[in-house]
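Here is what each chain is made of, one letter per residue.
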Amino acid sequence: MKTSDTHKEIELTLNSLDDLEKAKAPDDFLESLTNKMIFRKEQRLWVNRTKYAIAGMLVFTIVNVALLVNSKTSQRKEMIRSVAKEWNLKTEEY
C-alpha cells in the first residue's frame, strides 16, 4: 500500500468517527439494574440457606440411622417404645 493510500484510509476512518454520539441508557436503567442485582443477592442467600438446611438434615439422619443400626436389638425395641410413648403413638411389638 502506498503512503497516499494509507493517508486516505486514515482520513476516511477518522471522518467516519465524526458523526458518532455518546450512547445513552434509558432513564430507569440504573434503578432496574440495581433491583435485579438485589433480587439475585437475596435469591443466592435463600439458596445457601436451603443447602445448609438440607445438609443439616442429612447429617441428622445419618447419625440417627447409625445409632439405630449399632444399637442392640433389645435397646432398639426399648428406644422405639420410649419414642412411641413420648409421642403418644401406638406401638407394635418388634
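Scoring rules and cut-offs
- Residues numbered from 1 in each chain as written.
- Predicted model: local features only at pLDDT ≥ 70, side-chain atom pairs only at ≥ 80, totals over all residues.
- Heavy atoms only, no water.
- Helix = DSSP H or I, 4+ residues; strand = E, 2+ residues; numbered from the N terminus.
- Buried < 20%, exposed > 50% of the residue type's maximum accessible area, 1.4 Å probe, protein only.
- Patch = residues over 30% accessible without salt bridge, like charges linked within 9 Å, V, L, I, M, F, W, Y side chains within 5 Å.
- Areas by Shrake-Rupley, 256 points an atom, 1.4 Å probe, with all protein chains shown as cover.
- Salt bridge = Lys/Arg side-chain N within 4 Å of Asp/Glu carboxyl O.
- pLDDT = per-residue confidence, 0-100.

1. Side note on the overall build of the chain
Right, so step 1: Helix and strand content of the chain: three helices and zero strands.
Right, so step 2: When each of the 94 residues of the chain is scored for burial, the buried share is 2%.

2. Things to note about a nonpolar patch on the surface
Right, so step 1: Taken together, L68, M79, V83, W87 and L89 make up a surface patch of nonpolar side chains, about 520 Å² in accessible area.
Right, so step 2: When you line up the elements, V83 lands in helix α3 (residues 73-86).

3. Description of the pattern of salt bridges
Right, so step 1: Enumeration according to the criterion identifies one salt bridge in this entry.
Right, so step 2: As a salt-bridge pair, R81 and E78 come within 3.6 Å of each other at their nearest N and O atoms. Remark: E78 and R81 occur in helix α3; sequence separation between them is three residues, near one turn of the helix.

4. Regarding the confidence of the model for the chain
For residues with low pLDDT, the predicted coordinates do not support detailed interpretation.
Right, so step 1: Per-residue confidence for the chain averages 80 on the pLDDT scale, and 84% of its residues sit at or above 70.
Right, so step 2: Considering each helix and strand of the chain separately, the mean pLDDT is smallest for α3, with a value of 79, and largest for helix α1 (residues 3-16), with 83.

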